[in-house]
Structure formats: C-alpha cells, structure tokens
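Single-letter residue listing:
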Amino acid sequence: MVREERFAGAERVISIAFWINAVLMIMKLSAGYFGGSEAVFADGVESACDFVALLFSLIAIRIGHQPKDGKHPYGHGRAESIAAIVVALIIILTGGVILAGAAITVSKGRLVKPELVAVAAAAITIVVKEYLYRFSVRVGARLESPAVLAIAGDHRKDALTSIATLVGVAGAYFGVFILDPLAAGFTSLLIFRIGYQTFRGAAHDLM
C-alpha cells in the first residue's frame, strides 16, 4: 500500500471517530446529569477521555507521516504505536475513576431513579459505537495501522460498556436503583481489560 494512502486513510478514520465521539460525549454527559444516572454520566466521562485519546492519535498520525531524517533514520512510523500506548493508559485511568465513583455512591446510599432520557442515551451509544468499531477495525486492518486498531478496540469497549450501562440505567428506571451504580462499576472492569489488551498489543509492536 502506498505510504501516502495509508496515512491519509488512518487520519480520515480517526477524524470521523473524533467528531462523532464529541457528539456522544455531550449527549451522555447531559443525559446522565439531567437524567440522574451515574452510569450514563460515567459513560460520558469515559467518552471525554476518548476525546483526548483520539486527539493524541490524530497528532501521532501526522507525526508518523513525516519522512525520515537525520535523527530518525527509520522514519516516524512508531509514533502510532506510542499513541496506542497513551490511549491504553487513558482507558485504564478512566476505569479507575469510574470504579471509585460507583463505590462512593453505593457506600453513601445516593440511589435515585434515572429519567428515560438516560436510558435512550445508552441505547443510542451502543448502536453508534458498534458501527464505528466494525468500520475502524476493517480499515485499520487494511491499512495495518496500530493507532486505528487501538481506536477500534476503544469503540468496541464503548459498545460493551454501554450495554452494561443500559442494563443498569433501565433497571434503575424500573425501580432497582442500585443497578445504576453497579453498572458503572461493572463498566470499569471492562475498561480495565480492554485497556490492558490495547497496551499489550502496542508494546509488542514497539518491541
């Protein structure tokens, strides 16, 4: 594959994900806050971290596009793998924040019934993120881009965590209030797992 085509394709995929994620982030933060759902709001915070991670990946794609020079005789292609490691660390950190928030809510008994808008936000996120995952993993494999594949993994993580979020917020909406913070806690465990997998793959590529 022509080098120019590879980098242009990777940058295009990540740019699409960047702006879609921005819309989802605003939607989930608003729905979680005004809809009274900790699980959906935590999902929105996680999307905010994704927003930063995607920004790192876009920067890395542009750095990797630069030709080799005196200080970098093998080029700058490994910048994508470094970005993938940054993405993984952000994912893991996000998981810790969400888990801590859920534990505090349960321990202090701050249990409330969420609004229907929070349920709808979780459902919409599942559909959008699963589509983005399939699109990104297909293009990432064709381009052999570790940064795009890392972002694809992040999309799949979002789809899975939003399923847990939907179960929790829907259960809380129908009266089992503790399911909302429990869903947030379960979400954090999925985040830890995918963060580890992303880190391991990027580290292997660098080695």
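Please read all numbers here as calculations on a predicted model, not as lab measurements.

Participant: Describe the packing of aromatic side chains, listing the residues and the values that go with them.
Facilitator: By convention here, two paired aromatic rings are described through the distance between centres and the angle between planes. All told, the structure shown has 4 aromatic pairs when counted by the stated rule. Between F18 and W19 the ring centres are 5.1 Å apart and the planes differ by 90°, which places this aromatic pair in the edge-to-face class. A ring pair is formed by Y33 and F34, whose centres lie 5.0 Å apart and whose planes are at 85°; its orientation type is edge-to-face. It is K113 that lies over the ring of Y173; its NZ or CZ is 5.0 Å from the centre.

Participant: Lay out the environment of G175 in plain terms, naming residues and giving numbers.
Facilitator: Structurally, the position occupied by G175 is in the loop between helix 5 (146–173) and helix 6 (179–206). In the structure, G175 is positioned 61 residues away from P114 in sequence and 9.4 Å away in space, judged by C-alpha atoms.

Participant: Residues and numbers for the nonpolar core, please.
Facilitator: Formed by 18 residues in total, the largest nonpolar core has its most connected members in I14, I98, V148, I151 and A184. Non-local contacts of I98, meaning those with residues more than four positions away in its chain, are made with A42, E46, A184, S188 and I191. With 8 residues, the next largest nonpolar core counts V40, A121, A122 and V169 among its residues.

Participant: Go over the confidence of the model for the chain, please, and point to the residues and values.
Facilitator: Looking at the chain as a whole, the pLDDT averages 78, with 79% of positions reaching at least 70. Across the chain, element-level confidence peaks in helix 4 (residues 116–143) with a mean pLDDT of 90 and bottoms out in helix 2 (residues 38–64) with 73.

Participant: Give me the lowdown on the pattern of salt bridges, citing residues and values where you can.
Facilitator: Taken as a whole and judged by the stated rule, the model has 4 salt bridges. Between K129 and D158 there is a salt bridge whose closest N-O contact spans 2.8 Å. Residue K129 is found in helix 4, and its partner D158 is found in helix 5; the two are separated by 29 residues along the sequence. The burial state of K129 is the same as that of D158; both residues are buried. The residue R156 makes a salt bridge to E130 at a minimum N-O spacing of 2.8 Å. With R156 in helix 5 and E130 in helix 4, this pair connects stretches of sequence that are 26 residues apart. Taken together, the shared-partner salt bridges connect E130, R134 and R156 into one network.

Participant: Describe in detail helix 5, supporting the description with residues and values.
Facilitator: With 28 residues, helix 5 extends 40 Å from end C-alpha to end C-alpha; this agrees with the ideal 40 Å at 1.5 Å per step. Counting buried positions along helix 5 gives 20 out of 28 residues, so the element sits mostly inside the fold. Phi turns positive, to about 115°, at G175, one or two residues after helix 5.

Reading the values: the criteria
- Numbers given to residues run from 1 along each chain, matching the order in which its sequence is written.
- For this predicted model, a pLDDT threshold of at least 70 governs which residues receive local features, and a threshold of 80 or more governs which side-chain atom pairs are given and counted, while totals over whole chains, interfaces and linings are taken from all residues.
- For side-chain calculations, the full set of non-hydrogen atoms in the structure is used, while hydrogens and water are omitted.
- Under the pairing criterion, centres of Phe, Tyr and Trp rings, with the six-membered ring standing for Trp, must be within 6.5 Å; the plane angle then separates stacked pairs below 30 degrees from edge-to-face pairs above 60, leaving the rest tilted.
- The criterion for a charge sitting over a ring is simple: Lys NZ or Arg CZ within 6 Å of the ring centre, and within 35 degrees of the ring normal.
- Helix and strand definitions follow DSSP, with helices as H or I runs of at least four residues and strands as E runs of at least two, each counted in order from the N terminus.
- To define a nonpolar core, start from buried Ala, Val, Leu, Ile, Met, Phe, Trp, Tyr and Cys residues and group those joined through side-chain atoms within 4.5 Å.
- Burial here depends on accessible area, computed with a 1.4 Å probe over protein chains only, as a share of the maximum for the residue type. Under 20% is buried, over 50% is exposed, and the range in between is partly exposed.
- Note on contacts: a residue pair qualifies if any of its non-hydrogen atoms lie within 4.5 Å across the two residues.
- Scored between 0 and 100, pLDDT is the confidence that the predictor attaches to each residue.
- The salt bridge criterion pairs a side-chain nitrogen of Lys or Arg with a carboxyl oxygen of Asp or Glu, the two atoms within 4 Å.
- The span expected for a helix works out to 1.5 Å for each residue beyond the first.

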